[in-house]
Structures are given as C-alpha cells and as structure tokens.
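Results of the structural survey
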Amino acid sequence: MIKKLLPALNLRFLILLLAFSAALSTLIGSFYSIYQVQKEQLTSHTLKSNLAYAQKLASATDNFLKAALQQLEYSAKIIEQSPNDVQLLNKEAIRLNLQTDSFNSVVINIHGVISATSPHLEKIIDKPINSPGALEALKEQRPLISQPYMSAAGNLIVFISQPLFDFEDNYLGYIGGSLYLKERNILNDLLEQRYYEGGSYLYVVSSNRRILYHPEPMRIGTIVTNNSVIDAVINGEKGTSEIINSLNQPMLAGYAPVVLSNWGIVAQRPLESTLSLLDILTIEVIKRTIPIALVTFIFIGLFAHFIARPLKRLADNANTLDDPASLEKLKNVRSWYFESEKLKLAMLKGVSILQMQIGQLRHDAQTDPLTDTHNRRSLNRLLEQLISQQTPFAILEIDIDFFKRVNDTFGHDKGDETLKALTDIIKKLSRKDDIVARIGGEEFVLVLPNEDSESAFKIAERLREIVESTKIDTIGYITISIGIATWPEHSTDIGQVYKCADKALYHAKEHGRNRCVIADVN
C-alpha cells in the first residue's frame, strides 16, 4: 500500500516544487525587471529635475546680480551730480544699504579715498582702502563683480561695484556693495528656498573653485578640487552627472552656470533618497501579490495528485508569466476536471492582478500624489506623443502668485488645499484632450492641443479670471500668472518651448503678476 502511494506522493511533491519554483522565479524576475526600469526612470527624472532647478536658480541669481548692479547704477547717477556733497554721499549710502537686503554694507570711494559707508565706519573715512575688491574696481573702472576674498575683518566677501564719472567723463571713483557670504543676505535667502528635503541640497562655486554658498556654513570659503561637475560648470557648461560627494555618497547632480559672475550652481540629491519611494512601492506590490500566490500554491498542494498532466502544462506556462501572451496561453490549457479548471482560473487571476499592480505602480510613478494630475515625466511622454503625431499645441505655464505667503500664513495643509482647489478649477476649464500637470511646488502646466498663441491666450485669460474670482475656504482669493508658448510656433525643440513659457511667466511675475503673457517668437 505504501509502495503504491510513494510514486503519487513523489509526483505530487515534484509538481508542487516545479509549480512553486516556476511561479517564484517568474515573480522575482518580473519584480527585478520592473524595479530596474523604474530605477532608471527615477534616476533620469531626478537628474533632469536637478538640472532644471539649477538652471532656475542660476537664472534667479543672474537676475539678482543684475538688479544689484542696476541699484548701484541708479545711485551712481545721483552721486555724479554732486560728488563732493558729503551729506548727499552719506544719505545715498544709507539709503542703498537700508532700502533693500541686496548688500551687507555699502561704500563710496571718491578720488581714491573712502567718502561714505553704511554702516558708518568713522575709522576709514577719508582713507584709502586696499582690499582686493576695491583695488580691482579702481583698476577696471567698469561695473564689476569681484572674485570672493577675505576682508581685513575676516569676512568672506564678494564686492559689486559701479564706477563714478563727472560731466566730462573723468573717472571719480566707485560706489560698491559687499555681500558677506558667511552672513545672512538676500542671496542666501534666494538659494535656501524649498530644496532641502530627502537629503537634497545645492551649493555655489566661483570661477576659482571657492564655495560661495553651502548648507554647511563651515564649507563656505573652501576650495574644491578633483570634482568633474565643478570643472564643467565653471567652464560655462550645464548638464547632469552621477557623482560621489565628499562623504562618499552617490549623488545625482544637475548643474548650471551663472553667466554674469561666472559662478556655478550645483543641485544634487542622494541616490538612496531618490530610490526610497520606489522601494516602498515595490514592497506594496509584493504584499498585494503574496495572498494570490499563496492561494495558488494551496490549490496546487491540495489537488496535485489529481492534476498531474494539466498541472505540468500550467507549470510550463508559469515560466513565461512575464510574456504578454501568457494570459492567452493559460486560457488554452485543457483542464478536463473541475479542480484543474479552478487552478487555471486562480493562475489567470494572479497574472491579471500582477499586471494590474504593475499598471498601478506605473500610474503612481507618473502621477502627482497631491493633485492626481500628471507629473513632469508623464507630461513629457504625452508631449512626445503629440510631437510624433505632428499635433501643434500650446503650453500654459501657471504659477500661484505669492504662494509662499499662503504657506507662511495658513500652514502647509491649507497650502495643499489651495493647490487642490486650483487643480479643480483647471480641470473644469480643460477639455477632454487637454493635459493638466503639476511640475513643481505651485507650478502647473496646461497643454492645449491644436491651439495657437491667440486662442491659448483667451483660454488663459478665462482661467485667470475664474481663479481670481473664486473664493477658497480660509485662504480667500488667490491670483495666478501664466506664461504661454506654442509648438512649433516658438520652437520645434520642446525644451526651448518650455524655456519660452518660463520666460513669459517670469515676465508676467516681474510686471505685476495676475496676468497672462505670450512668449516672444525668436
């Protein structure tokens, strides 16, 4: 009796082992393949995001330096009217220093000696100054942003200066403002906004490789060598790179130059932080798949001795579950008894749920979790489809005016509600084929297929007016600024279309906000 049972038991064990091994290897292979694909996509997305952020901050820093030079130029014109009026010089130095946070100190040099300062330093009035920044300004006699240097007081300084000339175009001296890089100033405030999550950080280097800004104050002023990213950015290049930082951590870096000063901005994020969300999503998929797998194995264990022949065919098919045709192959297995039919249905259900989980993972990776709109990666994929189909479209780049005030005044929870409320308005206004995406904190993109600049402007104006007149609970009313660019009218390169929309958005914000601006056609 026992001898008769042994072949059956062995067969059942072998069938069970075979089915288990096939299913497990397929699942592991599928999860590994999915993980590797998503890892590459997340890495690529992070590199592109860091590059975009570095470019954005480089542009903002350039604008700040231009504004600082313009402030000095305005003061220079006033001083040139009466360069010997000590009261006027003192008044102008104090005004320039206190009116904005652009400078930590202001100095006016007339005929080689210090005539006025703010804060007022009586000890150096009517005396020459021999700091590197002052000597460079006297030598060059032009608008200038100095190399960083250590002052006599031990401050790491960047000196921004504007020359002074009399009515006969004779050189008189200069008016200059100092940025103390190790103290609080408007440049530090600009660089510290909203980029220190999950280990992400950025730093700024000068053309002589000296760190001008770093989240670790002790690093400011140090010279960095043997860094390929810094080599590239101080040569005026922009791009992305996977590098190892000073703590021996793999980092994903994006970098862009500050043209006006020949500085470089590097934004980077740890590779480990980038992949942490993918690890969580993968674990969730595994958790949801395990029950189905267990049910499948229980069925195999209970009925293996009845289903030797059909089960062998099912096991053979289990080795190809990652094949898109696997569902059709399983349906074609002839299950001539009730139990084998149930097992086949269970495996079909398992494969279907696995594919559904993969689809959910793909959806989560392409969707903004707060607003349930497309994220940047999904947006780029959809735009590539429109371009491949030669479908013209308009891009509306939307930014909430003074959104930081909302977060500061009402808290980030109300800020999130504001983003959701704006999303609802955009979705209600958009049509079936329009694309709504969130690409940044308060930045949205609305893509309008088959629209030109003029029709897109009308839609943008309608959206702006609706937003302006819609009251949001607790927050009240908000306004938005919109930059508009079209493909292929502004460019056949989608990156350039983005830049055109970006420039139009900045123009809208710089000229009063709550307005729509169409980008200039190059």
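Here's a quick rundown of the structure. (Residues numbered from 1 in each chain as written. Predicted model: local features only at pLDDT ≥ 70, side-chain atom pairs only at ≥ 80, totals over all residues. Heavy atoms only, no water.)

**Observations regarding the overall build of the chain**
Rules: For the purposes of this entry, the term helix denotes a DSSP run of H or I that reaches at least four residues, the term strand denotes a run of E that reaches at least two, and both are numbered from the N terminus. In this description, contact between two residues means that some pair of their heavy atoms is separated by no more than 4.5 Å. Each accessible area value is a Shrake-Rupley result obtained with a 1.4 Å probe; residue values ignore everything except the protein chains displayed when judging cover.
Each helix and strand counted, the chain has 14 helices and 16 strands in total. Across the chain, every contact between residues at least 6 apart in sequence was considered, and the portion connecting residues at least 24 apart equals 61%. Only carbon and sulfur atoms are counted for the fraction: they give 55% of the accessible area of the chain, which is about 26,900 Å².

**Thoughts on the nonpolar core**
Put simply, the test is: As used in this record, nonpolar core signifies buried Ala, Val, Leu, Ile, Met, Phe, Trp, Tyr and Cys residues forming a set joined through side-chain atoms within 4.5 Å. Exposure categories follow from relative accessible area, calculated using a 1.4 Å probe and restricted to protein chains: below 20% of the type maximum is buried, above 50% is exposed, and the middle band is partly exposed.
One finds Ile108, Ile160, Leu164, Ile175, Leu191, Trp263 and Ile265 to be the most contacted residues of the largest nonpolar core, which totals 40 residues. Ranked by the residues each element gives to this core, the list is headed by helix α1 (residues 2-81), at 11 residues. Excluding residues that lie within four positions of it along the chain, Ile160 makes contacts with Leu65, Ala68, Leu69, Leu72, Phe103, Leu144, Ile145, Ile175, Gly176, Gly177 and Leu179. Listed in part, the 28 residues of the second largest apolar core include Leu422, Ile425, Ile475 and Ile478.

**Comments concerning the pairing of strand β7 (residues 201-205)**
This is how it is decided: We treat two strands as partners when DSSP finds at least two bridges between them.
When you tally the buried positions in β7, you get five out of five residues, the bulk of the element. Alternating positions in β7 separate into two faces, Tyr201, Tyr203 and Val205 on one and Leu202 and Val204 on the other, with burial throughout. In terms of strand pairing, β7 meets strand β11 (residues 263-270) through five bridges, oriented antiparallel. Residue pairing across strands places Tyr203 opposite Val266, the latter belonging to β11.

**Digging into unusual backbone geometry**
Here the amide bond leading from Ser118 into Pro119 is cis, since omega sits at 0°, within 30 degrees of zero. Assignment of secondary structure puts Pro119 in the loop between β2 (113-118) and α3 (132-140). Of note, the amide linkage connecting Trp487 to Pro488 takes the cis form, showing an omega dihedral of 5°. Structurally, Pro488 is set in the loop between β15 (480-487) and α14 (494-510). Although it is not a glycine, Asn226 sits at a positive phi angle of roughly 55°. Following the sequence through the fold, Asn226 ends up in the loop between β8 (211-213) and α5 (228-233). Residue Asn226 is classed as exposed on the basis of its relative accessible area of 81%. A positive phi is found at Asn450, a non-glycine position, where the angle reads about 60°. Summarising the element assignment, Asn450 is placed in the loop between β14 (443-449) and α13 (453-469).

**As for the pattern of salt bridges**
Which entries qualify depends on this criterion: Whenever a carboxyl oxygen of Asp or Glu lies within 4 Å of a side-chain nitrogen of Lys or Arg, that contact is scored as a salt bridge.
Enumeration over the complete set of coordinates arrives at 13 salt bridges. Across the salt bridge formed by Lys56 and Glu443, the nearest N and O atoms sit 2.6 Å from each other. Taken as a pair, Lys56 in helix α1 and Glu443 in strand β14 lie far apart in primary sequence, 387 residues in all. A salt bridge links Glu417 to Lys414; the shortest N-O distance between them is 3.4 Å. Taken together, the positions of Glu417 and Lys414, both in helix α12 (residues 412-429) and three residues apart, correspond to about one turn of that helix. Taking the relative accessible area as the measure of exposure, Lys414 reaches 23% and is therefore partly exposed. The network of salt bridges with common partners includes Asp399, Asp401 and Lys509.

**Looking at the side chain of Ser102**
Defined as follows: Think of a polar contact as two N or O atoms within 3.5 Å of one another; within protein, one of them needs to be a possible hydrogen donor and the other a possible acceptor, and neighboring residues in sequence only count if both atoms come from side chains.
Here Ser102 is to be found in the loop between α2 (86-99) and β1 (105-110). Accessibility expressed as a relative area gives 4% for Ser102, which makes it buried. Here the side chain of Ser102 touches Gln71 through a polar contact of 3.2 Å, side chain to side chain. Residues in contact with Ser102, not counting those within four places in the same chain, are Phe64, Gln71, Leu179 and Ile186.

**Quick notes on the side chain of Glu397**
The following threshold applies: The sign given to each residue is positive for Lys and Arg and negative for Asp and Glu; His and the chain ends receive no count.
By the secondary structure assignment, Glu397 is in strand β12 (residues 393-400). Put simply, Glu397 is tucked away with no salt bridge, and the nearest opposite charge, on Arg376, sits 6.5 Å away. Those residues in contact with Glu397, other than ones at most four positions away along the chain, are Glu443, Phe444, Ser481, Ile482, Gly483, Tyr498, Ala501, Asp502 and Leu505.

**Side note on the sheet that holds strand β9 (residues 239-244)**
The strands making up a sheet are joined through hydrogen bonds of the backbone, oriented either antiparallel or parallel. Applicable threshold: All axes are obtained by fitting lines to C-alpha atoms, using only the stretch in contact for helices, and the reported angles, taken between N-to-C directions, cover 0 to 180 degrees.
What the five strands build is an open sheet, ordered β8-β7-β11-β10-β9; its pairing is antiparallel. This sheet does not close on itself; its edge strands, each paired only once, are β8 and β9. Taking each pair of neighbouring strands and ignoring which way they run, the sheet shows an average axis angle of 35°. Pairing of strand β10 (residues 250-258) with β11 involves eight bridges; the strand directions are antiparallel. Residue pairing for β11: Pro257 is matched across the bridge by Gly264.

**Digging into α2**
To keep it simple, the criterion reads: Given a helix with a known number of residues, its expected span is that number minus one, times 1.5 Å. Working note: the arc is built from the helix axis to C-beta atom directions.
Helix length check: α2, at 14 residues, gives a terminal C-alpha distance of 20 Å against a target of 20 Å (1.5 Å per residue), a fit within 8%. Among all positions of α2, only Leu89, Glu92, Ala93, Leu96 and Asn97 are buried. Along the long axis of α2, the arc covered by the buried residues comes to 125°, so they all point the same way. Seen from the buried face of α2, the exposed residues on the opposite side, beyond 90 degrees, are Gln87, Lys91, Leu98 and Gln99. Where α2 begins, the side chain of Asp85 points an oxygen toward the backbone nitrogen of Gln87, at a separation of 3.2 Å.

**Examining the environment of Asp399**
Considering the arrangement of structural elements, one finds Asp399 in strand β12. Residue Asp399 is classed as buried on the basis of its relative accessible area of 4%. Considered as a pair, Asp399 and Val445 are 46 residues apart in the sequence and their alpha carbons are 8.8 Å apart. Other than its neighbours up to four places away in sequence, Asp399 contacts Glu442, Glu443, Thr479, Ile480, Ser481, Leu505 and Lys509. A distance of 3.0 Å separates the side chain of Asp399 from the side chain of Lys509, its partner in a polar contact.

**Quick look at the sheet that holds strand β16 (residues 516-518)**
A sheet is described by the order of its strands in space; here five strands give the open sequence β13-β14-β12-β15-β16, paired in mixed fashion. At either end of the open sheet lies a strand with only one pairing partner, and these are β13 (435-438) and β16. Averaged over all pairs of adjacent strands, the angle between strand axes in this sheet comes to 20°, irrespective of strand direction. Examined bridge by bridge, β15 and β16 share three bridges and lie parallel to one another. The residue bridging Ile484 from the neighbouring strand is Ile518, located in β16. Helix-sheet contacts for α14 involve β12, β15 and β16, and the interaxial angle to β15 is about 150°.

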